Amino acid sequence: PIDFLSYHWYWTEPKDMSAKCTRVRKLLDSFGYNNAETILDEWNYVRGWTEEFVYSIEQIISMKGAAFCAACMLECQNNPNIDMIMYYDARPTAFNGLFDMYTYRPLKGYYSFYQFANLYELEDQYEAISDDDNVYAVCAKKGNDVAVMLTYYSENDNDGARYVTVNADSSLDGAKMLITDKDHTMAEYSATKIKDGKVTLRLERNSVIYITK
């Protein structure tokens with residue numbers, strides 16, 4: 001018997017990552033290892049290991065890398081076939097999208113993890129459904145505290161901004177919306193307000209927004 005199976009994944013699409021997690025779970029189950037945990041213990045953005053490796057490293061420390069991390073965490077949170085995922089890497093290496101290698105100052109990717117941690121502290125997940133393949137979302141609630149984390153991530157560098165409509169209930173009215181994109185870092189989104197649980201947001205490609213109340 002085995003207690004867990006660990007494996008690595010480096011690619012560009014969070015949904016491919018989720019599908020791989022499901023494939024591993026089904027593979028374990030097919031051999032009778034229904035109780036063995038699945039642990040994705042290395043993952044990060046990599047478009048290619050040869051000609052496109054430099055591009056990949058540049059994106060890891062950019063807003064694209066930050067949105068990719070947010071999308072992966074939100075996608076895997078919604079997938080019951082994965083028990084744990086471990087980002088590679090938070091040490092001072094080329095794969096560290098959280099902290100600058102020389103100054104240790106937070107990069108954009110740090111805030112994706114920071115906001116997901118805040119979401120985790122709320123303890124109870126509530127259903128959040130996205131009908132857009134490039135928009136990922138998770139909702140959590142604890143008592144009167146509620147939060148939604150969503151990201152618009154696209155591997156296609158030619159994609160532009162898009163409008164995303166959030167439909168919830170009135171419990172989100174008056175909530176603060178914090179936007180992180182190439183021009184903002186956890187800045188208050190003030191272009192519009194949530195009314196009757198509904199708001200339409202204009203999001204630049206590769207951006208993360210955290211709605212909290």
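Structure shown above.
Predicted model, so just to flag it, every value in this text is computed and none were measured.

1. Observations concerning the layout of surface pockets
No. 1: In this model, the largest pocket occupies a volume close to 520 Å³.
No. 2: Along its surface, the largest pocket is lined by 23 residues, and A128, I129, V166, N167 and A168 are the ones closest to its centre.
No. 3: Mapped onto the lining of the largest pocket, the elements with two or more residues apiece are β5 (135-142), β6 (145-152) and β7 (162-167).
No. 4: Per element, the largest residue contribution to the lining of the largest pocket is five residues, and it comes from β7.
No. 5: Of the residues contributing to the lining of the largest pocket, the split by class is 14 nonpolar, four polar and five charged.
No. 6: Estimated volume of the second largest pocket: approximately 200 Å³.
No. 7: Those elements giving two or more residues to the lining of the second largest pocket turn out to be α3 (63-77), β3 (84-87) and α4 (108-121).

2. As for α3
No. 1: Between its first and last C-alpha atoms α3 spans 21 Å; for 15 residues at 1.5 Å apiece the expected length is 21 Å, and the two agree.
No. 2: Buried residues dominate α3, accounting for 14 of its 15 residues.

3. Things to note about helix α2 (residues 53-60)
No. 1: Buried within α2 are the following residues: Y55, S56, I57, Q59 and I60.
No. 2: Its buried side turned inward, α2 meets β2 (37-45), α3 and β3.

4. Some words on the nonpolar core
No. 1: In this structure, M17, L40, W43, F68, L74, L119 and M149 are the most contacted members of the largest nonpolar core, which totals 42 residues.
No. 2: Look past the residues within four positions of L119 in its chain and what remains in contact with it is L74, V138, A140, A147, V148, M149 and Y210.
No. 3: Counting residues in hydrophobic clusters, the runner-up holds 20 residues, among them V146, L172, I194 and L203.

5. Remarks on the side chain of D89
No. 1: Tracing the backbone shows D89 in the loop between β3 and α4.
No. 2: Looking at D89, the relative accessible area reads 8%, which means it is buried.
No. 3: Other than its neighbours up to four places away in sequence, D89 contacts N44, F95, N96 and G97.

6. Here we look at the sheet that holds β6
No. 1: Taking strand neighbours across the sheet as the criterion, the six strands line up as β4-β5-β6-β11-β8-β9 in an open arrangement whose pairing is antiparallel. Looking at the sheet topology across the chains shown, the edges are occupied by β4 (124-126) and β9 (187-188).
No. 2: As paired elements, β6 and strand β11 (residues 207-212) share six bridges and run antiparallel to each other. Bridge pairing in β11 places A147 opposite T212.

7. Looking at the packing of helix α1 (residues 14-30) against α3
No. 1: Taken N-terminus to C-terminus, the directions of α1 and α3 make an angle of 35°; their axes are 9 Å apart at the nearest point. Taken as a pair, α1 and α3 cross one another with a handedness that is right-handed. For the pair α1 and α3, contact is made by P14, K15, M17, S18 and C21 and by F68, A71, C72, E75 and C76, respectively.

8. As for the packing of α3 against α4
No. 1: Between α3 and α4, the shortest axis-to-axis distance is 7 Å and the interhelical angle comes to 25°. The pairing of α3 with α4 is recorded here as roughly parallel in orientation. The element α3 and its partner α4 pack so that their crossing is right-handed. Along the contact surface, α3 presents M63, A66, C69, A70, M73, L74 and Q77, while α4 presents K108, G109, S112, F113, F116 and L119.
No. 2: Taken together, the residues that form the contact of α3 with α4 break down as nine nonpolar, three polar and one charged.

9. Considering the environment of Y110
No. 1: Its location among the elements puts Y110 in helix α4.
No. 2: Distance in space between the C-alpha atoms of Y110 and D29 is 35 Å, their sequence separation being 81 residues.
No. 3: Apart from the residues within four sequence positions on either side, Y110 is in contact with G97, L98 and F99.

10. Brief notes about the pattern of salt bridges
Note on pairing: side chains with opposite charge can pair once their charged atoms come close.
No. 1: One pass over the full model with this rule turns up 12 salt bridges.
No. 2: Across the salt bridge formed by D89 and R91, the nearest N and O atoms sit 2.7 Å from each other.
No. 3: R91 sits in the partly exposed class, given a relative accessible area of 48%.
No. 4: Between E204 and R202 there is a salt bridge whose closest N-O contact spans 2.6 Å.
No. 5: According to the relative accessible area criterion, E204 is partly exposed, its value standing at 27%.
No. 6: For R202, a relative accessible area of 41% corresponds to the partly exposed category.
No. 7: Several salt bridges share partner residues, and in doing so they unite R47, E52, K64, E155, D157 and R205 into one network.

What counts, and at which threshold
- Residues numbered from 1 in each chain as written.
- Predicted model: local features only at pLDDT ≥ 70, side-chain atom pairs only at ≥ 80, totals over all residues.
- Heavy atoms only, no water.
- 1 Å grid on protein atoms, 1.4 Å probe; cavity = no way out; pocket = protein on both sides within 12 Å on 5 of 7 lines; lining within 4 Å.
- Points joined across faces, edges and corners; volume = space filled by probe spheres on them.
- Helix = DSSP H or I, 4+ residues; strand = E, 2+ residues; numbered from the N terminus.
- Nonpolar A, V, L, I, M, F, W, Y, C, P; charged D, E, K, R; others polar.
- Expected span 1.5 Å × (residues − 1).
- Buried < 20%, exposed > 50% of the residue type's maximum accessible area, 1.4 Å probe, protein only.
- Contact = heavy atoms within 4.5 Å.
- Core = buried A, V, L, I, M, F, W, Y, C linked by side-chain atoms within 4.5 Å.
- Pairing = 2+ DSSP bridges.
- Axes fitted to C-alpha atoms, helices over the stretch in contact; angles between N-to-C directions.
- Left-handed = near helix turned anticlockwise from the far one by under 90°.
- Parallel < 35°, antiparallel > 145°, perpendicular 65-115°, else oblique.
- Salt bridge = Lys/Arg side-chain N within 4 Å of Asp/Glu carboxyl O.

Taken by themselves, the reported measurements are silent on function.
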